[in-house]
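Understanding the architecture of this molecule
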Amino acid sequence: MIDLPPVRGKLTPNRDLSDLTWLRVGGPADWLFQPADEEDLAQFLAALPGDVAVFPMGVGSNLIVRDGGLRAVVIRLGRGFNGIEVSGDTVTAGAAALDAHVARRAADAGVDLTFLRTIPGSIGGAVRMNAGCYGSYTADVFQSARVILRDGAVVTLTPAQMNFRYRQSDLPQGAVLVSATLRGPAGDPAALHDRMAAQLQKRDETQPTKDRSAGSTFRNPAGFSSTGQADDVHDLKAWKVIDDAGLRGATVGGAQMSPKHSNFLINTGNATAADLENLGEKVRKEVYATSGITLEWEIMRIGEPRADLPVHKMAERPE
């Protein structure tokens, strides 16, 4: 194992990642680095050999770590990277700040970032994946991001540089987003909190929030999120094409497509990462066979499979 630069934060070798993901699966990372602050992170990245892979990890809410683990330094931001500051209609949040906390703090100050309330995860992930729901996206409110590049340089990225698309952005490879500035429309605090309460109730009624899941498994083929409105069109929603293929409740090992919401992949208790990914690939294959639609993963999958737990990729339309 390589020698790593000295740090003030915490470096843990051969760190199992399963307990850091919502799905509770996956093998070890070569190293887990929890930096003390921005300076600690920047100095570490600047001194780290360029051929060592880096993977920034949020709260693991939209992630499958494969059973063989990850040959990289996983960087996980924690205390010191979760502050939230509101100034007028602008909210600056550390990358580790939870989306729900940012939505609530913004609402307290009369700033409408309510769409973030039901999105699992942290602001860093929301920016990286252009998270959204109810017809609103992170890109709609994004002003800038403070980012530490792989070589340790600290830069500020603009909306144009991020090049947001549906569930995608152009955050540089190996870069670690440390904070983001968002601007939302004004709203009455009480009304904003009432809206979020209604959104939470609707989410709990329609999604398996008490199960081990990672949110939506596949991107909507239509290329946009559900609006939550009465006139929403469902024909090209991922859950609809999965239902049409007869896959609601389908299982592989300990993995299941939720009977409550068929675009949610859940760990029923003893799933491996291979079970989860193989079920997802089975769904992709059968949806393609029945509808000609190729579902694209929304859950990020990283690392190496174990030799005894292979992953069977869809062959018809490789990613």
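Parameters and conventions
Residues numbered from 1 in each chain as written. Predicted model: local features only at pLDDT ≥ 70, side-chain atom pairs only at ≥ 80, totals over all residues. Heavy atoms only, no water. UniProt positions renumbered as here; feature names shortened; annotations may be inferred. Helix = DSSP H or I, 4+ residues; strand = E, 2+ residues; numbered from the N terminus. Contact = heavy atoms within 4.5 Å. Pairing = 2+ DSSP bridges. Expected span 1.5 Å × (residues − 1). Buried < 20%, exposed > 50% of the residue type's maximum accessible area, 1.4 Å probe, protein only. Arc of directions from axis to C-beta. Domains from an automatic or database assignment. Axes fitted to C-alpha atoms, helices over the stretch in contact; angles between N-to-C directions. Polar contact = N/O pair within 3.5 Å; in protein donor to acceptor, adjacent residues only side chain to side chain.

**Some details on the UniProt feature "active site" (unreviewed entry) in the chain**
- Cross-referencing UniProt, the feature "active site" (unreviewed entry) maps to Arg 167, Ser 216 and Glu 298 in the present numbering. Spanning 132 residues, the annotated positions come together in the fold, the maximum distance between their C-alpha atoms being 11.2 Å.
- Topologically, Ser 216 is positioned in strand S13 (residues 212-216).
- For Glu 298, the position within the fold is in the loop between helix H8 (273-291) and strand S17 (300-302).
- Those residues within four positions of Glu 298 in sequence are excluded, and the remaining contacts are Asn 62, Met 129, Tyr 166, Arg 167, Ser 216, Thr 217, Phe 218 and Arg 219.

**Focus: the sheet that holds S13**
- Taken in spatial order, the 4 strands make up an open sheet running S13-S16-S15-S14, and their pairing is antiparallel. Single-partner strands in this sheet number two, and they are S13 and strand S14 (251-252).
- Pairing analysis gives 3 bridges linking S13 to strand S16 (residues 264-267), with the strands arranged antiparallel. Bridged to Ser 213 within S16 is Ile 266.

**Thoughts on helix H6 (residues 189-206)**
- Taking 1.5 Å of rise per residue, 18 residues should cover 26 Å, and H6 covers 26 Å from first to last C-alpha, within 8% of that figure.
- For H6, every residue scored as buried is listed here: Leu 192, Met 196, Gln 199 and Leu 200. The arc that holds the buried residues of H6, viewed along the axis, is 100°, so those residues lie on one side. Seen from the open side of H6, the exposed residues pointing more than 90 degrees away from its buried face are Asp 194 and Glu 205.

**Here's the deal with the domain arrangement of the chain**
- Split by domain assignment, the chain resolves into domain 1 (10-76), domain 2 (84-190) and domain 3 (218-302).
- Using only C-alpha atoms to locate each centre, domain 2 and domain 3 end up separated by 26 Å.

**Considering the UniProt feature "domain: FAD-binding PCMH-type" (unreviewed entry) in the chain**
- Look at the UniProt record and you will see "domain: FAD-binding PCMH-type" (unreviewed entry) annotated at residues 24-187.
- End C-alpha to end C-alpha, residues 24-187 measures 38 Å, and it is 21% helix and 32% strand.

**A few points about H8**
- In a regular helix each residue adds 1.5 Å, so 19 residues correspond to 27 Å; H8 covers 27 Å between its end C-alpha atoms and thus fits that length.
- Residues of H8 that are buried: Ala 273, Ala 274, Asp 275, Leu 276, Glu 277, Asn 278, Leu 279, Gly 280, Glu 281, Val 283, Arg 284 and Val 287.
- Packing partners of the buried residues in H8 comprise strand S4 (63-65), helix H7 (238-244), S14, strand S15 (255-257), S16 and S17.
- At the exit of H8 stands Gly 292, carrying a positive phi of roughly 80°.

**Observations concerning the sheet that holds strand S12 (residues 176-183)**
- The antiparallel open sheet is built from 5 strands, whose spatial order is S6-S7-S12-S10-S11. The open sheet has two edge strands with one neighbour each: strand S6 (84-87) and strand S11 (154-157). Put simply, the sheet's adjacent strands are angled 15° from each other on average, direction ignored.
- Packing of helix H1 (residues 38-47) onto the sheet brings it into contact with strand S10 (142-148), S11 and S12, and relative to S10 it is tilted by some 55°.

**With respect to the side chain of Thr 90**
- Secondary-structure assignment places Thr 90 in strand S7 (residues 90-94).
- Polar contacts involving the side chain of Thr 90 include one to the side chain of Arg 183, which spans 3.4 Å.
- Excluding its chain neighbours within four sequence positions, the residues that come into contact with Thr 90 are Glu 85, Thr 181, Leu 182 and Arg 183.

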